[in-house]
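# Survey of secondary and tertiary structure
So the chains spell out like this:
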Amino acid sequence: MNIRFLSSLLLASYASADDILDIAEGLDFSTLLTALQLTGLDDVFNVDYPWTCSSHYFQRFCPKFTVFAPTNDAFTALPDQVLSRLVGDEKFRPHLLDLLYYHTAHGKILSSDIDIVGVEVVTLNEETLLAQKESDIVFTINSDTNIVTPDVGA
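Every residue gets a number counted from 1 within its own chain, in the order that chain's sequence is written. pLDDT decides what is reported in this predicted model: residues at 70 or higher carry local features, side-chain atom pairs at 80 or more are listed and counted, and totals for whole chains, interfaces and linings draw on all residues regardless. Just so you know, side-chain values use all the structure's heavy atoms and leave hydrogens and water out.

What follows covers the overall build of the protein. Along the backbone of the protein there are seven helices and seven strands. Along its sequence from the N terminus, the protein presents helices and strands in the succession β-α-α-α-α-β-α-α-α-β-β-β-β-β. The proportion of buried residues among the 154 residues of the protein is 44%. Contact definition: two residues touch when any of their heavy atoms are within 4.5 Å. Long-range contacts, defined here as pairs at least 24 residues apart, represent 66% of the contacts in the protein between residues at least 6 apart. For every accessible area listed, the method is Shrake-Rupley and the probe measures 1.4 Å; residues are considered covered only by the protein chains on display. Surface accessibility of the protein: about 8400 Å² in total, with carbon and sulfur atoms responsible for 52%. Secondary structure elements are defined from DSSP: runs of H or I of at least 4 residues count as helices, runs of E of at least 2 residues count as strands, and each element is numbered from the N terminus. For each residue, the accessible area found with a 1.4 Å probe, counting protein chains only, is set against the maximum for its type, and the residue is called buried under 20%, exposed over 50%, and partly exposed in between.

Following this line, the structure appears as structure tokens:
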């Protein structure tokens, strides 16, 4: 299944006091949060001991992820039957998991790391995305997906 989202939010995390889930809960990501919970990936982004990650010594042990987080609008742009199968049919959980892996990469990627030529980003499902800087304020993934808000720190 190859699905491209129309809008994404770049969430870079080094698992600080506010983790990716905390930030996503306050924004337009309820469908993403539901998908993370259904697949168990919410536990990956949940920080049980955030004080350890704020310590310089322990930061090297804290998980680092960048999530190209699809907004609710991106999910609603999918055909109804696709979205309902992804979140409603347990047989499609592997596809949902793959989709979430496609939107997540190891490490912290900031907009300052992306230039006009582009930066190849290998996602957790081993797909390669091309992140490009179109202008000082416009960033895209694979030339067809806009990053609507870059560098949301978590």
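Turning to the side chain of Thr 31, a few remarks are in order. Turning to its location among the elements, Thr 31 is positioned in helix α2 (residues 30-39). When sequence neighbours within four positions are dropped, the list of residues in contact with Thr 31 reads Asn 72, Phe 75 and Leu 83.

Right, let's get into the packing of α2 against helix α7 (residues 93-102). Contact geometry for α2 and α7: axes closest at 10 Å, N-to-C directions at 120 degrees. Here α2 lies oblique to α7, going by the angle between them. When you trace α2 past α7, the crossing you get is left-handed. Contacts between α2 and α7 pair Leu 32, Ala 35, Leu 36, Leu 38 and Thr 39 from the former with Arg 93, Leu 96, Leu 97 and Leu 100 from the latter. Looking at the contact of α2 with α7, its residues break down into seven nonpolar, one polar and one charged. For helices, the fitted line uses only the C-alpha atoms of the stretch in contact; every axis is such a line through C-alpha atoms, and the angle between N-to-C directions lies from 0 to 180 degrees. Roughly parallel means an angle under 35 degrees; roughly antiparallel, over 145; roughly perpendicular, 65 to 115; everything else is oblique. Crossing handedness is defined as follows: a turn of the near helix away from the far one that is anticlockwise and smaller than a right angle gives a left-handed crossing, while the clockwise case is right-handed. In this classification, the charged set is Asp, Glu, Lys and Arg, the nonpolar set is Ala, Val, Leu, Ile, Met, Phe, Trp, Tyr, Cys and Pro, and all remaining amino acids, among them Gly, are polar.

It is worth spelling out the pairing of strand β2 (residues 65-70) at this point. With respect to burial, β2 is a largely interior element, six of its six residues being buried. Taking every second residue as pointing to the same face, both faces of β2 are buried, with Phe 65, Val 67 and Ala 69 on one and Thr 66, Phe 68 and Pro 70 on the other.

A separate point is the packing of helix α6 (residues 80-88) against α7. Packing of α6 against α7 brings their axes to within 7 Å, and their N-to-C directions diverge by 100 degrees. In terms of orientation, α6 lies roughly perpendicular with respect to α7. For the pair α6 and α7, the contacting residues are Leu 86, Val 87 and Gly 88 in the first and Arg 93, His 95, Leu 96 and Leu 99 in the second.

So, on to the side chain of Arg 93. Among the secondary structure elements, Arg 93 is positioned in helix α7. An unpaired buried charge is present at Arg 93: no salt bridge exists, and Glu 90, the closest side chain of opposite charge, is 4.4 Å distant. One polar contact links the side chain of Arg 93 to the main-chain carbonyl oxygen of Val 87, over a distance of 3.2 Å. Sequence-distant contacts of Arg 93, defined by excluding residues within four places in its chain, comprise Leu 38, Thr 39, Leu 86, Val 87 and Gly 88. We treat Lys and Arg as the positive residues and Asp and Glu as the negative residues; His and chain ends play no part in the count. For salt bridges, the criterion is a side-chain nitrogen of Lys or Arg within 4 Å of an Asp or Glu carboxyl oxygen. What qualifies as a polar contact is a pair of N or O atoms within 3.5 Å, subject to a donor-acceptor requirement within protein and to the restriction that residues adjacent in sequence count only when both atoms come from side chains.

So, about the pattern of salt bridges. All chains considered together, the criterion is met by one salt bridge. A salt bridge links Lys 133 to Asp 136; the nearest nitrogen and oxygen atoms lie 3.7 Å apart. A relative accessible area of 65% places Asp 136 in the exposed class.

Turning next to the nonpolar core. Within soluble globular proteins, side chains that are nonpolar generally end up buried alongside one another. Throughout this description, the term nonpolar core refers to a set of buried Ala, Val, Leu, Ile, Met, Phe, Trp, Tyr and Cys residues connected via side-chain atoms within 4.5 Å. The biggest cluster of nonpolar side chains holds 20 residues, and the ones touching the most others in it are Leu 32, Leu 36, Phe 45, Phe 75 and Leu 100. When residues of this core are traced back to their parent elements, those giving at least two are α1 (20-25), α2, β2, α6 and α7. Counting residues in each nonpolar core, the second largest holds eleven residues, with Phe 68, Tyr 102, Val 121 and Phe 139 among its members.

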